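Chain by chain, the residues:
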Amino acid sequence: MASDSTDRPDANLDDQLNSAVNAYVEVAPAPGDTASIDPDVFNRLISKLDSVFWKKVHQVVAERLAVLGDESAELEFSDEDRLLIDFGLLDYRLLGQQAAGIRERLLGERNAGVGDGFSIMYFSDWIRSRLQYYLTVEEVDQRRETAELVQKIPGITGLLEKRAAILELLNPFLHHLPGVSEVLSRLVSEGRLDDIMLMLFVQRLKSSAPDIEKALVRIESAFRLVMNRVADRVVEEKYLQAISEYSALRLQIFRQVSKLPRELVGDLGQPIDMAAVAEKVRQDVKLMRSLLNLGAVAGAVAKPHSVLLRDMQRTTLQRVHDALTLVREVDPAISLDHNVLITPFTGSGFFEWDRDTIVVGIIPARSVEEDVATAVAGMRIAVDRFHHSEELFLAYDKIHHGRDFREFFTRDYIHWVVRVGRGQKQQMDPRSFDFFLSNIGHNGVDPVVPAELVHTSVDERSELYRKITIKVRDGSASARELFLAGVIRWQRGDHQSACRYLDSAARLAPSDGASLYSLGILLRNMRMKGPARKYLVQCTTNAPQTIWQVYAFEALKRLGR
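Within any chain, residue numbers begin from 1 and follow the written order of that chain's sequence. Only residues with pLDDT of at least 70 get local features here, since the model is predicted, and only at 80 or more are side-chain atom pairs given and counted; chain-wide, interface and lining totals rely on the full set of residues. Excluding hydrogens and water, the side-chain figures rest on all heavy atoms present in the structure.

(A) Spatial organisation of the environment of Ser 51. The helix count covers DSSP runs of H or I at least four residues long, the strand count covers runs of E at least two residues long, and both are numbered beginning at the N terminus. Structurally, Ser 51 can be placed in helix H2 (residues 39-66). Note on Ser 51: relative accessible area 24%, which makes it partly exposed. Only protein chains enter the accessibility calculation, which uses a 1.4 Å probe. A residue is then buried if its area is under 20% of the maximum for its type, exposed if over 50%, and partly exposed in between.

Set out below in C-alpha cells:
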C-alpha cells in the first residue's frame, strides 16, 4: 500500500494539502461538523492538516527571512501570509458555505483598531518582533569592543561613576526578568548598552544613515523593556527613585557625546550575521508550536490544532483588550505590559515566561475572558515563584492546605476576574474570596490606587498631578484624571483636597464605581460615617455588576450602623 503524500517530507506542500483536505472531506458529514466523526479518525485527519499548516508557516517565514539584508531588516508579510500565519490553515473546502466572505472578515478582525494600553498582537506580528529582538542582541554583541572609547569623552568619568552606583543598587533586580535574556540583563547592568548608544549617537553626527536610527530605536527599546521589568519588580520607593534618576542621568551622559573627538570614531563594526538571526527566529517558530500544543492541552482540548474548520466566534483584538481591561480593574497590582499573543490554535491561554508572552488561542476553549484570566493566573504564579519567594503560594496554602496550587489558584483567579469582577461574589468559595480580597484585589482600608499609579515614582506622580491641575483650571479634566488627582493628593496626606477631587470625579461620571468607592472609604477613614455610607450605597446602585459593587457591600458591612 502506498504511503500518504503527507508522510513524505519532500512532497510538494500543495499536494500534501490537497491530499489531507480530500481525506478529511471524504469522512466529514458537513463542513465544520466534528461531532459526527469518530474521534480517532478525526484526530488522525486533523493531525495531517495541522502538520501541513506548520510546514507552510515554516516555508513562508523562511522565504521572508531569506530576502532580509542590510537595506531591509523588517519581515514583510502579505495579506495571504497573515491569513495563514494568524488564523490557521484556511481552505474553503473545509468551510463549505461558511467560506463566503470569510477572507474579508478575518482581515477586518486583524486590522481593527483598539484602545491603547496593551500590547496585543497576532502570530505574524510576534514573529516580526522576535526578529527585532534578536537584531538588538546581535547589534550589542557585535559592538561591545567599542565601549572603551566612551572613556575619552570629556567630563564623562563622574557621570559614569554615578551610573555605576545606581546600577549597583538595581543589580539584584536585573536578573531572571520575564522576557529578558540574561545576556541583555548583563549588558544593561554593566552599562554597556548605554555605551553602544553613545557610539551610535556619534556615528549619527557623521552620517544620517537609516540603519543608525534603526539601531538606536532597537537598543533603546531593549533598555526600556529591561527597566520596565525592574520597575514592576521593585516595591520600595528608593528603587523607583533610582530608576527615575538613572533615566535623567542617561540623558546627561548622552549630551556629552558630541565632545568625543570625531577622528577616534571608526565604522559601525562588522555586519550582523543575518543567517544566524534568521535561524533563531525559525527556531522560535518551531518552539512556539510545541508550546501551543501544551497550552491547548492545559485548556482541556483533547486534540489541539491550527485548522479553521468553521466560521465561529474567535478571539479578536477588541475582545482581548476588553478582557485585559477587566483584569486590570480587579487585579491592579499586576503588570500587563507583556505581549499578548493571539495564536492560531484551539485552546485556553497560558503564560510563556522566557518570551514574556501571554498566549490565547484564536478559537477560545471557553471564552476569551476565561482564557485571558487563565493566562494571567499562570503569569502570577510564575512571578510569585521567581520574584516573591512563593509568598502567594504560602498564603494560599494556609487556607487550602494540600491543594494543587496551580490548578485551584487558577480556577479561583478565573472566578475572581470573570464572576466577582462582574459583581457575582456568591459564585466564589468564601475562603477564596477573602484570600483574593486581601492579596489580589483591594485591601478595603484605603482608597483605590489604580494601575496608572502603581509602581510610579514620586516625581512621575508629581508631573502627572501638575498636568492634571492645568486641565482642571481650564475645565478640560476628565473624570479619570480627577480621580487620579484625588488619589495622588491622598497619597500626599492631603485628605481634604483628595475628597474634593474624588467628589468632582463622581459628579462628572456618576457610574464610576472606583471614584464613589474611594470617596466612601476616605470619608470613613476621616470618621465621617454618614457621608461615607451615602457614597458607598451610591456605589452599589450606580455601579452594578462590577467589582466596585462587591467592594462597596463589603465596606458597608464593616461600617456598621
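(B) Up close: the packing of aromatic side chains. For this analysis, a ring pair means two rings from Phe, Tyr or Trp (six-membered ring only for Trp) whose centres lie within 6.5 Å, classed as stacked if their planes differ by under 30 degrees, edge-to-face if by over 60, and tilted for the remaining angles. Evaluated as defined, the whole model comprises 22 aromatic pairs. Ring centres of Trp 416 and Phe 433 lie 6.1 Å apart, and the angle between their planes is 50°; this geometry places the pair in the tilted category. A residue pair is termed long-range when its members are at least 10 positions apart, and Trp 416 in helix H16 (residues 405-419) and Phe 433 in helix H17 (residues 430-439) qualify at 17 residues. The two residues Trp 416 and Phe 433 agree in class, both being buried. A centroid spacing of 5.6 Å and a plane angle of 35° characterise the contact between Tyr 517 and Tyr 551, whose relative ring orientation is tilted. With a gap of 34 residues between them, Tyr 517 in helix H21 (residues 513-525) and Tyr 551 in helix H23 (residues 547-559) connect regions that are remote in the sequence. Each member of the pair, Tyr 517 together with Tyr 551, is buried. Chaining the aromatic ring pairs together yields one cluster made of Phe 393, Tyr 396, Phe 405, Phe 409, Tyr 413, Trp 416, Phe 433, Phe 435 and Phe 436. Charge-over-ring contacts are defined here by two conditions on Lys NZ or Arg CZ: a distance within 6 Å of the ring centre and an angle within 35 degrees of the ring normal. Against the face of Phe 223 rests Arg 250, its NZ or CZ located 3.6 Å from the ring centre.

(C) Quick look at the packing of helix H18 (residues 458-474) against helix H19 (residues 479-491). Every axis in this analysis is a line fitted to C-alpha atoms, fitted for helices over the stretch in contact. Angles between the N-to-C directions lie between 0 and 180 degrees. Where H18 meets H19, the closest approach of the two axes is 10 Å, and the angle between their N-to-C directions is 130°. When the axis of H18 is compared with that of H19, the two are oblique. In the crossing of H18 with H19, the sense of the turn from one axis to the other is left-handed. Across from Arg 461, Leu 464, Tyr 465, Ile 468, Lys 471 and Val 472 in H18, the residues of H19 making contact are Glu 481, Leu 482, Leu 484, Ala 485, Ile 488, Arg 489 and Gln 491. Note that the term roughly parallel is reserved for angles under 35 degrees, roughly antiparallel for angles over 145, roughly perpendicular for angles of 65 to 115, and oblique for everything else. Should the near helix be turned counterclockwise from the far one by less than a right angle, the crossing is left-handed, whereas a clockwise turn marks it as right-handed. Contact criterion: two residues are considered in contact whenever any of their non-hydrogen atoms come within 4.5 Å of each other.

(D) Fine view of the sheet that holds strand E2 (residues 339-347). Following DSSP output, two strands are said to pair if at least two bridges run between them. Strand order in the open sheet made by the four strands is E1-E2-E4-E3, with mixed pairing throughout. Edge strands, defined here as strands with exactly one partner in the open sheet, are strand E1 (119-122) and strand E3 (350-352). With direction set aside, neighbouring strand axes in the sheet form an average angle of 40°. Here E2 pairs with strand E4 (residues 357-364) via seven bridges, running parallel. From the neighbouring strand, Leu 341 faces E4, where its bridge partner is Val 359. Running at roughly 75° to E2, helix H3 (residues 79-87) makes contact with E1, E2 and E4 of the sheet.

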